[in-house]
Amino acid sequence: MTTAGIDSNSAPTASRAGREARIERAPFLRHRHAPPIFAATGMLALWQLVVTGFGVPSYIAPSPVQVLQVFVEEGEILWINFWPTLFEAVAGFALGNSIAVVLAVWFVHNRLAERAFYPIAVFINTIPIIAIAPILVLMLGNGYAPKIVIAALICFFPTLVNMVRGLKAVSPQMLELMRVLSASDREILWKIRLQSSLPFLFAALKIASTTCVIGAIVGEWIGSNYGLGSLIIEATYNFRAPLLYATVILGAGLAVAFFVITTLLERRILKWKPGAVY
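Residues numbered from 1 in each chain as written. Predicted model: local features only at pLDDT ≥ 70, side-chain atom pairs only at ≥ 80, totals over all residues. Heavy atoms only, no water.

Regarding the overall build of the protein chain
For the protein chain, the helix and strand inventory stands at 11 helices and zero strands. Secondary structure elements of the protein chain occur, N-terminal to C-terminal, as α-α-α-α-α-α-α-α-α-α-α. Burial statistics for the protein chain: of 278 residues in total, 36% are counted as buried. Counting contacts in the protein chain only where the partners sit at least 6 residues apart, residues at least 24 apart contribute 73% of the total. For the protein chain, the exposed surface amounts to about 16,700 Å²; the carbon and sulfur share of it is 70%. (Helix = DSSP H or I, 4+ residues; strand = E, 2+ residues; numbered from the N terminus. Buried < 20%, exposed > 50% of the residue type's maximum accessible area, 1.4 Å probe, protein only. Contact = heavy atoms within 4.5 Å. Areas by Shrake-Rupley, 256 points an atom, 1.4 Å probe, with all protein chains shown as cover.)

Looking at helix 10 (residues 228-237)
Taken as a whole, helix 10 has its buried residues at L228, G229, S230, L231, I232 and A235. One or two residues past the end of helix 10 sits F239, with phi positive at roughly 55°.

Observations concerning the packing of helix 4 (residues 75-109) against helix 11 (residues 241-269)
For the pair helix 4 and helix 11, interaxial distance at closest approach is 11 Å and the crossing angle is 35°. Pair helix 4 / helix 11 crosses with right-handed handedness. In this structure, helix 4 contributes L78, W79, F82, T85, L86, A89 and V90 to the contact, and helix 11 contributes L243, A246, T247, L250, L254 and F258. Its residues assigned to classes, the contact of helix 4 with helix 11 comprises 11 nonpolar, two polar and no charged. (Axes fitted to C-alpha atoms, helices over the stretch in contact; angles between N-to-C directions. Left-handed = near helix turned anticlockwise from the far one by under 90°. Nonpolar A, V, L, I, M, F, W, Y, C, P; charged D, E, K, R; others polar.)

With respect to the nonpolar core
Judged by nonpolar contacts, the single largest core of 23 residues is most densely connected at L78, V213 and F258. When contributions to this core are tallied by element, the ones reaching two or more residues are helix 3 (64-73), helix 4, helix 9 (185-221), helix 10 and helix 11. A121, L160, M163 and L167 belong to the second-largest nonpolar core, a separate cluster that totals 19 residues. (Core = buried A, V, L, I, M, F, W, Y, C linked by side-chain atoms within 4.5 Å.)

A few points about the packing of aromatic side chains
Centre distance and the angle of the planes are the two values used to describe a pair of aromatic rings. Per the counting criterion, the structure on display carries nine aromatic pairs. On the numbers, 6.2 Å between centres and 65° between planes, the contact of F107 with Y118 is edge-to-face. Separated by 11 residues along the polypeptide, F107 in helix 4 and Y118 in helix 5 (residues 111-126) bring together distant segments of the chain. Residue classification places Y118 among the partly exposed residues on the basis of a relative accessible area of 22%. Note on Y144 and Y226: the rings are 5.4 Å apart at their centroids and 50° apart in plane angle, and the pair reads as tilted. With Y144 in helix 7 (residues 144-168) and Y226 in the loop between helix 9 and helix 10, this pair connects stretches of sequence that are 82 residues apart. What makes Y144 partly exposed here is its relative accessible area of 39%. (Phe/Tyr/Trp six-rings, centres within 6.5 Å; stacked < 30°, edge-to-face > 60°.)

Just geometry here; none of it tells us what the structure is for.
Here is the structure:
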């Protein structure tokens, strides 16, 4: 009986040891970034093979090598148009989220304001951003202002919804304790409500960090001579597919960079993770 027990326990141990030995022989598999790197490399290789093997014209679908050549040969054009889009996205991100947080605090402390203005916010969010863009351009001109407002609008609603929910996600027992301690509404806000809302806020900021770039680019499609959105339109009309693909990749890279920065800030600020949220 003892021998059987030893054999049954030693088998999983040997299997586990074998897996660990295989991992030790291939240490790169333990790196958390290895799977996406291999997946992206495989997709690029497949893209190159399909375009080359089927002889797809470059004005329809350029190869990865041709897109890389654009970054090398026309990098100055890309970067000149990159900086306006970066400014518009950052400004829109800051503006839209700031207004959303302020309104969320107001809604939580004034139920009448929430019932009056929350439906209006929902209605504005239902209007396609591509339909609002021409109106804002007519009102604010062709400068930075309409692009920033469009980026702010596209960030605003997710943050408002999550922030309202986060500010209300306080346990009744905690609120009762604060009232027993004679805490004011301001003290409850700073010490309890804002703390509980941070996970919800960062969840919304992760969404806004990518959509603000979309808003800036959409704004540049309507009456603009600069920015990645304008460059996309110019490359499309002139059948410059390699430049088009390079511009799209640069815009996507900007959105990914914003998302990574937001995630890093979340990890640094949130040292605790409530079980109800994560």
